Structures are given as structure tokens and as C-alpha cells.
There are 2 protein chains.
Amino acid sequence: MAEWTDPMSEADRKQASVDLLGLLAYAELTAFERLAVDASLAPNLVDKAALGAMAVAEFGHYEVLHERLASIGVEPTAAMTPFVGPLDAFHDSTTPADWLESLVKAYVGDGFAADFYREVAELMDEATRSLVGDVLDDTGHAEFAVAHVRSAIEADPAVAGRLALWARRLVGEALVQAQRVAVDRDSLARLIVGGAGDLTAVGELLARLTHRHGERMEVLGLHA
Amino acid sequence: MAEWTDPMSEADRKQASVDLLGLLAYAELTAFERLAVDASLAPNLVDKAALGAMAVAEFGHYEVLHERLASIGVEPTAAMTPFVGPLDAFHDSTTPADWLESLVKAYVGDGFAADFYREVAELMDEATRSLVGDVLDDTGHAEFAVAHVRSAIEADPAVAGRLALWARRLVGEALVQAQRVAVDRDSLARLIVGGAGDLTAVGELLARLTHRHGERMEVLGLHA
């Protein structure tokens with residue numbers, strides 16, 4: 001195994017971008033499933049249909065990533081497979097207990113992940129960067145989650161404490177799985193460390209992610 | 001309440017067609033949700049993506065029905081609401097215990113329902129009839145279910161008995177809920193009885209539905 005700071009070959013760079021696309025494709029597929037499940041738990045038909053439409057949009061993103069992988073000669077299932085374990089483990093360890101927790105997960109968890117994907121895409125070729133930007137376009141879920149969580153807290157301020165703890169757990173579990181991916185996927189990890197320059201720069205990347213996480217918590221009316 | 005065989009006014013006929021569109025819209029929304037849940041339980045990424053695509057197609061059908069209702073000046077949520085209870089009760093009483101049961105439910109249950117919707121649509125105006133035909137177009141789910149169930153029976157013939165019992169229960173529960181809808185929705189029931197001519201003709205309609213059900217069971221390799 002190469003050192004994280006060794007120069008990367010073209011093949012290494014391609015592998016890193018295939019990894020990011022595979023990771024994102026599986027993330028979109030699971031986002032679709034979770035939104036559809038949230039739709040089935042929605043308290044009324046209007047929310048149900050709104051969540052259903054967002055789920056469909058996420059599936060559209062999955063299809064875009066699937067097509068891109070196929071078009072660069074990569075078997076999409078093979079590209080997704082390494083990330084099934086970590087993403088499933090993340091979702092299994094953060095199953096929302098109720099509708100509010102699932103909204104916080106959607107906004108805080110997906111927001112954190114999206115920021116991370118964007119940062120990584122910045123280190124890649126223009127085609128990958130622009131595709132990743134497109135599929136991370138918000139499907140309206142953020143606004144939906146914020147509106148519902150804020151009005152729930154307004155109706156019962158006591159829920160804010162529980163949701164803040166929940167959000168902290170989400171980020172913790174996400175970091176555990178990100179670490180696991182970094183250990184397993186050499187090219188991706190090297191791209192991030194090499195792209196950032198050194199481990200200090202990785203710390204700065206984490207600081208940016210944490211800062212934006214704090215902003216989202218504030219929008220929800222929660223203490224980070 | 002009018003007798004079932006009284007002549008129907010234009011308003012009665014419109015109510016019956018709004019009822020059918022509302023019933024179908026909610027049925028498509030729940031089909032979307034069930035397929036998405038099946039996708040999340042799929043044994044591999046290829047099946048997962050295939051079921052996801054079918055779920056998305058069902059949501060598209062829901063949107064078509066939603067638009068039609070809105071375009072004829074009916075609040076779609078209001079049109080769906082009377083059918084939430086019966087459809088949810090049907091699905092709650094027929095939660096598949098595993099992946100195979102969910103496939104049989106998709107093919108046998110949805111097939112039975114689709115036949116019924118088509119028969120009812122035959123009694124309506126051309127615009128409704130053609131829209132219903134479009135949204136009942138199979139999304140590839142039938143073929144998918146048949147292929148998977150047949151190969152499961154081939155691998156282990158003992159599952160055929162359990163799945164046959166399950167299919168019988170599905171039809172039984174569907175008839176219980178159809179009865180409930182008939183009692184609640186006067187216009188729809190009168191259209192069916194009046195359209196068929198008399199109760200003998202309703203018996204014939206049931207015979208046609210049962211016959212086609214038997215054909216589907218045979219395709220799966222199950223005793224009806």
C-alpha cells in the first residue's frame with residue numbers, strides 16, 4: 001500500500017473518481033429508499049406525496065450516476081459494492097425512532113454527507129465535479145425538513161434537546177463510517193489527503209464541514 | 001340512499017369517476033411505497049435498482065391521476081381520503097413475511113386489483129377509461145415477480161404450498177375491503193351494479209376476475 005502522500009498515477013485518480021461515483025450512486029439509492037419509507041410514515045397525504053416526489057428525484061440522481069459509470073466502462077454494481085457495507089452500517093446504526101428524527105437525519109445527515117462529497121469532488125476532473133454538483137442539488141428535502149422540525153419545536157420546545165443529541169450521534173456515526181471507507185479505499189483517501197496537501201489541511205477540511213454542520217443546526221433551532 | 005339499481009344522474013356518474021380516480025391515485029401512491037420497501041429488502045443491487053425503477057414508474061402514475069383530478073376541479077387529497085382506510089387496512093392485513101410473499105402480492109394482488117379497476121373503468125366515459133388504461137400499464141413488475149417466484153419454486157418446490165395459501169388470503173382480504181368500499185361509496189357501487197345490469201351480472205364480473213386470477217396463479221406455478 002502506498003503512503004497517503006505519495007504522488008498519484010492517472011489510474012489512481014481514475015479509481016478515486018470511480019469510488020466517489022460508486023459511493024454517491026449507492027448513497028442516492030438508499031436516499032430513495034429512506035425517503036419512500038418516510039413517505040409511508042407521513043402524517044398526511046400532502047406530506048406523503050411531497051416525500052414521494054423527493055424520493056423519485058433521488059432515484060433520478062442514482063440513474064445519472066449509474067449511466068456515467070457505465071459510460072466510462074465501469075460496471076456500476078461493482079463500483080457501488082465496496083460502499084454497501086459502510087452505508088448500510090451507518091443507516092442501521094441511525095434508524096430514526098420517529099418522523100422528526102427522520103427529518104433531522106435528512107437535513108443534518110444528508111447535508112453533512114453532501115458537503116463532504118462536494119469537497120472531494122473539488123479535487124477531481126471537471127466532468128466528475130460538475131456531475132456531482134448536479135446530483136447533490138437539493139430536491140426540496142432540506143426546506144421541507146426545516147419547516148417541519150421548526151414548527152415541531154415551536155409546538156413543544158422540549159423536543160429540541162432530544163433532536164440535538166440525535167444530530168450529534170448522526171455526525172459521530174457518519175465519521176466512524178467515513179474512517180472505515182478511508183481505510184478500505186486507498187485511492188480515495190490519498191486523493192483527499194494529497195488534495196488537501198497534508199494532514200493539517202485535512203483538519204481544515206473537517207473544520208469547514210463542522211462549521212457548515214453548525215449552521216444547519218442553527219437553522220433548525222438546535223444547539224450543535 | 002338510493003337503490004343500487006336506480007338510474008344514475010350525471011352528478012352520480014361524475015362522483016363515481018372521481019371515486020375511481022381517487023382510489024387509483026391512493027393505490028398508486030401505496031404501490032410506490034411498497035415497491036420502494038421491497039427495493040430496500042432486495043437481495044442484490046440489480047434487483048434493488050429494478051424495483052426502484054418500478055416504484056418510480058408507479059409514482060409517475062400517481063402524478064398523472066393527481067393532475068387529472070386537479071384538472072377537473074377536484075381536490076386530489078379529498079378524492080383519495082375515503083380510500084385511505086380500506087387500502088391501508090388491506091395492506092396492514094397482508095404484510096408479506098418475506099421477499100417471495102411480497103412478489104406474489106405484487107403479481108397476484110395487484111393483478112387482481114388492476115382487473116377490477118379496468119372492469120369498472122369500462123363503465124365510465126372515454127377520457128377516464130383511457131387514463132385508467134394508461135396508469136394500469138404494467139411497469140415490468142409482473143414479469144419480474146413471475147421470474148423470481150418460478151425460480152424460487154424450482155429451487156425448493158415446498159414453498160409452492162405456502163405461497164398458494166398466501167395468494168388465497170390476499171384475494172380474501174381484497175374482497176373484504178372491496179365490500180367495505182362498496183358500502184361506503186354509493187355512486188361507485190351503483191355504477192358497478194347498474195353497469196353490470198343486475199346482481200347476476202355482478203356475479204359474472206366476479207367470475208371473470210376469479211378466472212383471470214386462476215390464470216395468474218398458473219403462470220406462477222401455484223394451485224389457485
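Model, not experiment: these values are computed from the prediction.

Caption draft 1: Quick peek at the overall build of chain A. Counting its regular elements, chain A contains 9 helices and 0 strands. Relative to its length of 224 residues, chain A is compact, with a C-alpha radius of gyration of 18 Å against a globular reference of 17 Å. Taken along its principal axes, the extent of the C-alpha atoms in chain A is 55 × 35 × 25 Å. Split into buried and exposed, the 224 residues of chain A put 49% on the buried side. Taking the intrachain contacts of chain A between residues at least 6 apart in sequence as the baseline, contacts between residues at least 24 apart amount to 84%. Side-chain charges in chain A split into 18 positive and 36 negative, and the spacing between the mean points of these groups amounts to 2 Å.

Caption draft 2: Molecular detail of the packing of aromatic side chains. Residues and elements named next belong to chain A. Within the structure shown, the criterion is met by 8 aromatic pairs over all chains. Both rings, one in Phe116 and one in Tyr117, keep their centres 6.1 Å apart while their planes meet at 55 degrees; by these two values the pair is tilted. Taken together, the ring pairs in this structure connect Phe32, Phe59 and Tyr62 into an aromatic cluster.

Caption draft 3: Up close: the relation of the copies chain B and chain A. With an RMSD of 0.0 Å, the fit of chain B onto chain A corresponds to turning through 180 degrees and sliding 0.0 Å along the axis. Accordingly, the operation relating the two chain copies is best matched by a two-fold axis. Taken as a fraction of all interface residues of chain B, those also at the interface in chain A reach 100%, which identifies the copy contact as same-surface.

Caption draft 4: Broad picture of the pattern of salt bridges. Counted under the stated rule, the structure contains 25 salt bridges over all chains. For the salt bridge of Glu119(B) with Arg208(B), the shortest nitrogen-to-oxygen distance reads 2.8 Å. In this pair, Glu119(B) sits in helix H4 (residues 99-121) while Arg208(B) sits in helix H9 (residues 199-220), placing the two residues 89 residues apart along the sequence. Assessed through its relative accessible area of 13%, Glu119(B) is described here as buried. By relative accessible area, Arg208(B) is classed as partly exposed at 37%. For the salt bridge of Glu126(B) with Arg129(B), the shortest nitrogen-to-oxygen distance reads 2.8 Å. Taken together, the positions of Glu126(B) and Arg129(B), both in helix H5 (residues 126-135) and 3 residues apart, correspond to about one turn of that helix. Several salt bridges share partner residues, and in doing so they unite Asp115(A), Arg118(A), Glu119(A), Arg208(A), Arg212(A) and Arg216(A) into one network.

Caption draft 5: How the structure looks around helix H3 (residues 76-93) of chain B. An ideal rise of 1.5 Å per residue puts 26 Å on 18 residues; H3(B) measures up with 26 Å between its terminal C-alpha atoms. Largest kink in H3(B): about 45 degrees, centred on Phe83(B), with the proline Pro86(B) one to four residues after it. Where H3(B) is concerned, the buried positions are Pro76(B), Thr77(B), Ala79(B), Met80(B), Phe83(B), Pro86(B), Leu87(B), Phe90(B) and His91(B). In the core, the buried residues of H3(B) are packed alongside helix H2 (45-71) of chain A together with helix H1 (10-41), helix H2 (45-71), H4 and helix H7 (159-184) of chain B.

Caption draft 6: Spatial organisation of the interface of chain B and chain A. Contacts between chain B and chain A engage 22 residues on the former and 22 residues on the latter. Summed over both sides, the interface of chain B with chain A buries roughly 1,700 Å², with 80% coming from carbon and sulfur. Between chain B and chain A we count 2 salt bridges in total. Salt-bridge contacts for Lys48(A) lead to Glu33(B); the nearest nitrogen and oxygen are separated by 2.9 Å. Linking chain B to chain A there are 2 residue pairs in polar contact (both at pLDDT 80 or more). Taken together, the residues of the side of chain B that touches chain A break down into 16 nonpolar, 4 polar and 2 charged.

Caption draft 7: View of the packing of H4(B) against H9(B). Residues and elements named next belong to chain B. At a closest axis distance of 10 Å, the pairing of H4 and H9 adopts a crossing angle of 155 degrees. In terms of axis orientation, H4 runs roughly antiparallel to H9. For H4 against H9, the interelement crossing comes out right-handed. In contact with Val104, Tyr107, Val108, Gly111, Phe112, Asp115, Phe116 and Glu119 of H4, H9 contributes Leu205, Arg208, Leu209, Arg212, His213, Arg216, Met217, Val219 and Leu220. Each residue belonging to the contact of H4 with H9 can be placed in one class, and the counts come to 10 nonpolar, 2 polar and 5 charged.

Caption draft 8: Focus on the side chain of His213(A). All names here are of chain A. For His213, the position within the fold is in helix H9 (residues 199-220). Judged by its relative accessible area of 8%, His213 falls in the buried class. For His213, the contacting residues outside a window of four places in its chain are Val108, Phe112, Ala167 and Val171.

Caption draft 9: Representation of the environment of Ala79(B). Residues and elements named next belong to chain B. Within the element layout of this structure, Ala79 appears in helix H3. Among the residues examined, Ala79 registers a relative accessible area of 5% and is labelled buried. Taking the C-alpha atoms as reference points, Ala79 and Leu69, 10 residues apart in sequence, are found 7.9 Å from one another. The residues touching Ala79, leaving out its near neighbours within four places in the chain, are Val18, Gly22, Leu69 and Val74.

Caption draft 10: Main features of the packing of H4(B) against H7(B). All names here are of chain B. At their nearest, the axes of H4 and H7 sit 10 Å apart, and the two run at 40 degrees to each other. Taken as axis vectors, H4 and H7 run oblique relative to one another. Here H4 runs over H7; the crossing is right-handed. For the pair H4 and H7, the contacting residues are Leu100, Glu101, Val104, Lys105, Val108, Gly109 and Phe112 in the first and Arg162, Leu163, Trp166, Ala167, Leu170, Val171 and Leu175 in the second.

Caption draft 11: Fine view of the environment of Val183(A). Residues and elements named next belong to chain A. When you line up the elements, Val183 lands in helix H7 (residues 159-184). Relative accessible area serves as the criterion here: at 53%, Val183 is assigned to the exposed category. Taking the C-alpha atoms as reference points, Val183 and Thr139, 44 residues apart in sequence, are found 31 Å from one another.

Parameters and conventions
Residues numbered from 1 in each chain as written. Chains lettered and ligands numbered in written order. Predicted model: local features only at pLDDT ≥ 70, side-chain atom pairs only at ≥ 80, totals over all residues. Heavy atoms only, no water. Helix = DSSP H or I, 4+ residues; strand = E, 2+ residues; numbered from the N terminus. Rg over C-alpha atoms; globule rule 2.2 N^0.38 Å. Buried < 20%, exposed > 50% of the residue type's maximum accessible area, 1.4 Å probe, protein only. Contact = heavy atoms within 4.5 Å. Lys, Arg positive; Asp, Glu negative; His and termini not counted. Charge placed at Lys NZ, Arg CZ, Asp CG, Glu CD. Phe/Tyr/Trp six-rings, centres within 6.5 Å; stacked < 30°, edge-to-face > 60°. Least-squares fit on C-alpha atoms with pLDDT ≥ 70 in both. Salt bridge = Lys/Arg side-chain N within 4 Å of Asp/Glu carboxyl O. Expected span 1.5 Å × (residues − 1). Bend = angle between axes of the 7 residues up to and from the residue. Buried area = accessible area lost by both parts, 1.4 Å probe. Polar contact = N/O pair within 3.5 Å; in protein donor to acceptor, adjacent residues only side chain to side chain. Nonpolar A, V, L, I, M, F, W, Y, C, P; charged D, E, K, R; others polar. Axes fitted to C-alpha atoms, helices over the stretch in contact; angles between N-to-C directions. Parallel < 35°, antiparallel > 145°, perpendicular 65-115°, else oblique. Left-handed = near helix turned anticlockwise from the far one by under 90°.

Shape descriptors only; they carry no functional weight alone.
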